[in-house]
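Architecture and fold: a report
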Amino acid sequence: MYFKLIELGKTEVIGIPVLLAKSQSENFDIISNHWKNFNQQLKKNNRANKKNWRKYGITYKIENKYYYTSSIEPEYLFENTDFEKYIIVKGTYAKFRHRGAMKRLKDTYYKIYKNILPNCDLVPKKNCSLLHFERYDHRFNWNHSDSIIDIFILIEKKK
C-alpha cells in the first residue's frame, strides 16, 4: 500500500463525538450509526452535501478512552449545541488511501498499523491525543468497490 508524507496546517472542524468500545466490530456499528445521526443533523439544519463537500472522521484518545468525531469544516457552522469544535493539529502526516467498501476499512487500518508503519522509519506521533483521521469527499461511496477515503496519521521518525 502506497502512502505519501504531507505537511498539514492546523484545521478546525465541528462535529459530534461518540465514545468507542474496546471491540473493533462494536466500533464499526457505533461509528456507522453515529454517521447516520450526524448526517440527519446536517440534513435537519439544511446542510446537506454540496458540490465540493468534505467530512472528517477523527479518532482520538483522552484518559484511556477512545472517541470518534464525525465532523465538517466550520464554513458550515450553524446553531446546534451537539456540535463541538475540534482542532486537527499542524504537522507531518502519512496519507494513505482506502479503496473499497466500508466493511474493509478495518483491513486497511490493520495493514497500516501492523505492516507498513512497523517496517519503515516512521511511527505515530507520541504524546498526542489524535490517533488518525479520515477525510471523506465526493469520491466516497459507502459500500462500492470504487469508493475512496483518505486516511491521515500524524507521524514522527523512529528514535
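In case you missed it, the structure is sitting above this.
The following paragraphs examine the structure supplied in this document. Given the structure is predicted, the values throughout are model-derived calculations rather than measurements.

1. Observations regarding the overall build of the chain
If you tally the helices and strands in the chain, you get two helices and nine strands. Here the C-alpha radius of gyration of the chain, 15 Å, is about what a compact globule of 159 residues would show, namely 15 Å. Counting the 159 residues in the chain, one finds 45% classified as buried. Considering only intrachain contacts with a sequence separation of at least 6, the fraction spanning at least 24 residues in the chain is 77%.

2. Let's talk about the nonpolar core
Within the largest apolar cluster, 27 residues are counted, with the highest numbers of intra-cluster contacts made by Phe38, Phe96, Leu105, Leu117, Tyr136, Ile151 and Ile153. Where this core is concerned, the elements lending two or more residues are strand 2 (11-19), helix 1 (24-44), strand 4 (65-72), strand 6 (91-99), helix 2 (105-116) and strand 9 (148-157). Counting 13 residues, the second largest nonpolar core, distinct from the first, contains Ile6, Leu8, Ile58 and Tyr93.

3. Description of helix 2
Each α-helix turn comprises 3.6 residues. Residues three or four places apart therefore point the same way. Between the first and last C-alpha of helix 2 there are 15 Å, a value that for twelve residues agrees with the 16 Å anticipated at 1.5 Å per step. Listed in full, the buried residues belonging to helix 2 are Leu105, Thr108, Tyr109, Ile112 and Ile116. All buried residues of helix 2 fall inside an arc of 110 degrees around its axis, so they share one side. Of the residues in helix 2, the exposed ones pointing more than 90 degrees away from the buried face are Tyr110 and Lys114. If you follow the buried residues of helix 2, they end up packed against strand 1 (3-8), strand 6, strand 8 (130-136) and strand 9.

4. Observations concerning the pattern of salt bridges
For the structure on display, the rule yields seven salt bridges. A salt bridge links Arg54 to Glu73, with the nearest nitrogen and oxygen atoms 3.8 Å apart. Placement of Arg54 in the loop between helix 1 and strand 3 (55-62) and of Glu73 in the loop between strand 4 and strand 5 (84-88) is noted, with a sequence separation of 19 residues between them. Residue Glu73 is classed as buried on the basis of its relative accessible area of 17%.

5. A word on helix 1
Taking 1.5 Å of rise per residue, the 21 residues of helix 1 would be expected to cover 30 Å, and the 30 Å separating its terminal C-alpha atoms lies within 8% of that figure. The complete set of buried residues in helix 1 reads Asn27, Ile31, Ser32, His34, Trp35, Phe38, Gln41 and Leu42. Its buried side turned inward, helix 1 meets strand 2, strand 3, strand 4 and strand 8.

6. Focus on the state of the cysteines
The final tally for this structure, using the stated rule, is zero disulfides. No disulfide involves Cys120; its sulfur sits 18 Å from the nearest other cysteine sulfur, which is in Cys128. On the basis of relative accessible area, Cys128 is assigned to the partly exposed category, the value being 23%.

Basis of the calculations
- Residues numbered from 1 in each chain as written.
- Predicted model: local features only at pLDDT ≥ 70, side-chain atom pairs only at ≥ 80, totals over all residues.
- Heavy atoms only, no water.
- Helix = DSSP H or I, 4+ residues; strand = E, 2+ residues; numbered from the N terminus.
- Rg over C-alpha atoms; globule rule 2.2 N^0.38 Å.
- Buried < 20%, exposed > 50% of the residue type's maximum accessible area, 1.4 Å probe, protein only.
- Contact = heavy atoms within 4.5 Å.
- Core = buried A, V, L, I, M, F, W, Y, C linked by side-chain atoms within 4.5 Å.
- Expected span 1.5 Å × (residues − 1).
- Arc of directions from axis to C-beta.
- Salt bridge = Lys/Arg side-chain N within 4 Å of Asp/Glu carboxyl O.
- Disulfide = S-S within 2.5 Å.

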